[in-house]
Amino acid sequence: EREEYKIRPMDLGNLFHKALETFSKKVKESDYSWKTIPEKVQNEYISEALQTAMDENLGDVFYSSSRNQYKIKTVERIMRRTIGVLRAHLKNSEFEPDRFELHFGKQERLREAEVPLSNGRKMFLLGTIDRVDVCEEDDRVLMRVIDYKSGAKKFEMEDFYYGLELQLIIYMNAAEEIYHKETEKEVTPAGVFYYQLQDPIVKADHAEEESLLKNFRMSGMANSDGDILNKLEAPDGDFLSMPVRLKKSGEPYKNSPVMGTQDFHYMGGYAKRKAAELGGRIYKGEIRPRPYRNKKGTACDYCPFADVCGFDVKLPGYEYQSFQSLSVEEVLEKIREEGE
């Protein structure tokens, strides 16, 4: 009898991403939008998308045992919850999901994917953006980049500054260039976000639905422009899609994760310079273990290569990199100085 294949979290993550991409394409090719699709059709599309994803990705394995079939039900449950939450985020929004699994790299000849290094060398960045939402106006395109994460992932400006979290901003740079080429319009970043794919086994009735939705807010940074915020989501009170609160004057509260258009561009430039710095160090052959340590832990906590790395603080010359704690405003001030 064939030994049961144990499905890894990575397999479930790949299945989920593929199913969500397939569902999104089905909606785009239909006569419906994310805001108008009837629930019955939505559920049919979800089942079909999940089946398509399984056919392309270890399909027979998922049916090989009761344990694996249960995991499929879990993915379907998370997917139904996710789509319900994302639709709630879009309900009062002028944005519409436009691209899913948007690839970029050397083939597309993107300026933003090409990082010049010293001695005429170049480093090419490759990536797949899970989702881009747009709101197209007469003279510009507003763009929101969303990356789906299966773990508990929050966007931290401090981690971005130290080069630990460049992904979202590099995605923003690439998407901005792609949409500018396609539309020949100015492209304005409206926000960059992580959306956490969560298992929705929660105790809640319909009366608690709104408070429940707040647990599914995205983590990232939004554009502080009042007009753009209202297009992202016209809230009755707090925003459902992101942890932003507005004063009666319409201004965001001080601790809201927002910044201006120019700051987004400063961050885009900084991400590319940081990528060039890291690429240069790779070319120089820097391989000495130098893991970081910050308030959340260390780079070694979940590293799969701990057994072969040899890093040990008990050995002479081995120590963690400790980064100074910085607020969002302190990071922005440093990046603005460099950008100017």
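For the structure, see preceding data.
Numbering of residues starts from 1 in each chain and follows the order in which that chain's sequence is written. Totals for whole chains, interfaces and linings use all residues, but because this is a predicted model, local features are given only for residues with pLDDT of at least 70 and pairs of side-chain atoms are given and counted only at 80 or more. Derived side-chain values reflect all non-hydrogen atoms in the structure, with water molecules and hydrogen atoms excluded from consideration.

Draft legend 1. Structural context of the overall build of the chain. Along the backbone of the chain there are 11 helices and 11 strands. Classification of residues uses two cut-offs on accessible area relative to the type maximum, computed with a 1.4 Å probe and protein chains only: under 20% is buried, over 50% is exposed, and between them is partly exposed. By the burial criterion, 47% of the 340 residues in the chain qualify as buried. The criterion used for residue contact is that any of the two residues' heavy atoms lie within 4.5 Å. The long-range share in the chain, meaning contacts at least 24 apart out of those at least 6 apart in sequence, stands at 73%. Counting only carbon and sulfur atoms, one obtains 48% of the accessible surface of the chain, whose full area is about 18,900 Å². Helix and strand definitions here come from DSSP, where helices need a minimum of 4 consecutive H or I residues and strands a minimum of 2 consecutive E residues; each element is numbered from the N-terminal end. For the accessible areas, the method is Shrake-Rupley and the probe is 1.4 Å, while residue cover comes only from the protein chains on display.

Draft legend 2. Region of interest: unusual backbone geometry. For N119, which is not glycine, the phi torsion reads 60° and is therefore positive. Tracing the sequence through the fold places N119 in the loop between strand 2 (114-116) and strand 3 (122-124). Overall, N119 belongs to the exposed group, its relative accessible area being 70%. Positive phi outside glycine occurs at E184, with the angle close to 60°. Tracing the backbone through its elements, the reader meets E184 in the loop between helix 6 (167-183) and strand 6 (186-196). Judged by its relative accessible area of 71%, E184 falls in the exposed class.

Draft legend 3. Main features of the pattern of salt bridges. The term salt bridge refers to a side-chain nitrogen of Lys or Arg lying within 4 Å of a carboxyl oxygen of Asp or Glu. Under the definition given, this model contains 28 salt bridges. Two residues, E137 and R140, come together in a salt bridge whose shortest N-O distance is 2.6 Å. What makes E137 buried here is its relative accessible area of 17%. Across the pair R336 and E329 runs a salt bridge, and its minimum N-O distance is 2.9 Å. On the accessibility criterion, R336 (22% relative accessible area) is partly exposed.

Draft legend 4. Fine view of the sheet that holds strand 4 (residues 127-136). A strand pair is defined by DSSP finding two or more bridges across the two strands. Overall, mixed pairing links the six strands, which are arranged 1-4-5-6-7-8 in an open sheet. For this open sheet the edge positions go to strand 1 (96-104) and strand 8 (258-259), each flanked by a neighbour on one side alone. Both strand 4 and strand 5 (residues 140-149) contribute to a ladder of six bridges, which runs antiparallel. Residue pairing in the sheet places V132 in a bridge with V145 of strand 5.

Draft legend 5. Looking closely at the nonpolar core. By nonpolar core we mean a set of buried residues, namely Ala, Val, Leu, Ile, Met, Phe, Trp, Tyr and Cys, connected to one another through side-chain atoms within 4.5 Å. Core analysis: the largest hydrophobic core is formed by 46 residues, its most contacted members being F23, W34, M79, Y195, L232 and M242. If you list the elements that add at least two residues to this core, you get helix 1 (9-29), helix 2 (39-56), helix 4 (66-91), strand 5, strand 6 and helix 8 (226-232). For this core, the element with the most residues is helix 4, which contributes nine residues. Counting 44 residues, the second largest nonpolar core, distinct from the first, contains L102, F155, V192 and Y270.

Draft legend 6. Local environment of the side chain of S24. Within the secondary structure, S24 is located in helix 1. Look past the residues within four positions of S24 in its chain and what remains in contact with it is W34 and F100.

Draft legend 7. Inspection of helix 6 at higher detail. Taking 1.5 Å per residue, 17 residues should reach 24 Å; helix 6 reaches 24 Å between its end C-alpha atoms and fits that length. Buried residues dominate helix 6, accounting for 12 of its 17 residues. The complete set of buried residues in helix 6 reads L168, I169, I170, Y171, M172, N173, A174, A175, E176, E177, I178 and Y179. Summarising the contacts, the buried residues of helix 6 are in contact with strand 1, strand 4, strand 5, helix 5 (157-161), strand 6 and helix 9 (261-283). Positive backbone phi, approximately 60°, marks E184, located one or two places after helix 6. Expected helix span is given by 1.5 Å per residue-to-residue step, counting one fewer step than there are residues.

Draft legend 8. The arrangement of the packing of helix 9 against helix 11 (residues 328-339) in detail. Every angle, taken between N-to-C directions, lies between 0 and 180 degrees, and every axis is a line fitted to C-alpha atoms, over only the stretch in contact when it is a helix. At a closest axis distance of 9 Å, the pairing of helix 9 and helix 11 adopts a crossing angle of 75°. Considered as vectors, helix 9 and helix 11 are oriented roughly perpendicular to each other. Residues D263, Y266, M267, Y270 and R273 of helix 9 pack against L332, I335, R336, E338 and G339 of helix 11. Ten residue types, Ala, Val, Leu, Ile, Met, Phe, Trp, Tyr, Cys and Pro, are classed as nonpolar, four, Asp, Glu, Lys and Arg, as charged, and the remainder, Gly among them, as polar. Of the residues assigned to the contact of helix 9 with helix 11, the class counts are five nonpolar, one polar and four charged. These descriptions rest on fixed angle ranges, namely under 35 degrees for roughly parallel, over 145 for roughly antiparallel, 65 to 115 for roughly perpendicular, and the rest for oblique.

Draft legend 9. Region of the structure containing the sheet that holds strand 9 (residues 292-294). Pairing in this open sheet of three strands is mixed, and the strands run 10-9-11 from one edge to the other. Taken across any chain shown, the strands that pair with only one partner, and hence form the sheet edges, are strand 10 (297-298) and strand 11 (321-322). Summarising the sheet, strand 9 and strand 10 pair through two bridges and their orientation is antiparallel. When the sheet's bridge partners are listed, N294 is paired in strand 10 with G297.

Draft legend 10. View of the pairing of strand 7 (residues 219-223). Of all five residues making up strand 7, five are buried, and the element is well covered by its neighbours. In this structure, strand 6 lies alongside strand 7, joined through four bridges in antiparallel fashion. Each bridged residue has a counterpart across the sheet, and for G191 the counterpart in strand 7 is A222. Bridge count for strand 7 against strand 8 is two bridges, and the pairing is parallel. The partner of N223 across the bridge, within strand 8, is M259.

Draft legend 11. Spotlight on the state of the cysteines. We call a pair of cysteine sulfur atoms a disulfide whenever their separation is within 2.5 Å. Scanning the entire structure with this criterion turns up zero disulfides. Free cysteine C303: the closest other cysteine sulfur is in C300, separated by 6.4 Å. Cysteine C309 remains unbridged, with the sulfur of C300 as its closest cysteine sulfur at 6.4 Å.

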